[in-house]
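Summary of structural features
Given next are the chains, with one letter for each unit.
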Amino acid sequence: MKDIVACPICGSKELSGLKHMENWMKKTPMSSYTCQKCGNLAIPFILDSEEDYKKFLIELEKKDQE
Ligand SMILES: [Zn+2]
């Protein structure tokens, strides 16, 4: 099954420019993408399925309304 990666800011799946970064403090590799929609450089949200992605979008909308 293919993981879905989404922008944590706007929820777009159009991410590009994978960059591998090293978190020196924690010694853990991280990857970040540039979102094609909002232009933010972000650590992507990883979702297991299309269903989870839909839930994530609903939660994101709720945040916007607060
Ligand atoms: Zn975005």
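Residues numbered from 1 in each chain as written. Predicted model: local features only at pLDDT ≥ 70, side-chain atom pairs only at ≥ 80, totals over all residues.

**Some points on the overall build of the protein**
Counting secondary structure elements, the protein contains one helix and five strands. Counting from the amino terminus, the protein carries its helices and strands in the arrangement β-β-β-β-β-α. Per-residue burial over the protein gives 6% buried out of 66 residues. Intrachain contacts of the protein at a sequence separation of at least 6 include 47% that bridge at least 24 residues. (Helix = DSSP H or I, 4+ residues; strand = E, 2+ residues; numbered from the N terminus. Buried ≥ 20, exposed ≤ 12 C-beta atoms within 10 Å, placed from the backbone. Contact = placed C-beta atoms within 7 Å.)

**A look at the environment of Val-5**
Along the chain, Val-5 turns up in strand β1 (residues 4-6). When the C-alpha positions of Val-5 and Asp-48 are compared, they lie 8.9 Å apart, and in sequence the two are 43 residues distant. Excluding its chain neighbours within four sequence positions, the residues that come into contact with Val-5 are Lys-13, Leu-15, Pro-44, Phe-45 and Ile-46.

**Concerning the environment of Cys-35**
Mapped onto the fold, Cys-35 is located in strand β3 (residues 28-35). Taking C-alpha positions, Cys-35 is 7.3 Å from Ser-12, a pair spaced 23 residues apart along the chain. Aside from chain neighbours lying at most four places away, what touches Cys-35 is Cys-7, Ile-9, Cys-10, Ser-12, Glu-14, Leu-15, Asn-40 and Ala-42.

**Overview of the confidence of the model for the protein**
On average, residues of the protein score 81 in pLDDT, and 76% of them are at 70 or above. For the protein, per-element mean pLDDT is lowest for strand β2 (residues 15-23), which scores 65, and highest for helix α1 (residues 50-65), which scores 91. (pLDDT = per-residue confidence, 0-100.)

**Points about α1**
In this model α1 runs 23 Å from its N-terminal to its C-terminal C-alpha over 16 residues, within 8% of the 22 Å that 1.5 Å per residue would give. The element α1 is largely exposed, with a buried count of zero among its 16 residues. (Expected span 1.5 Å × (residues − 1).)

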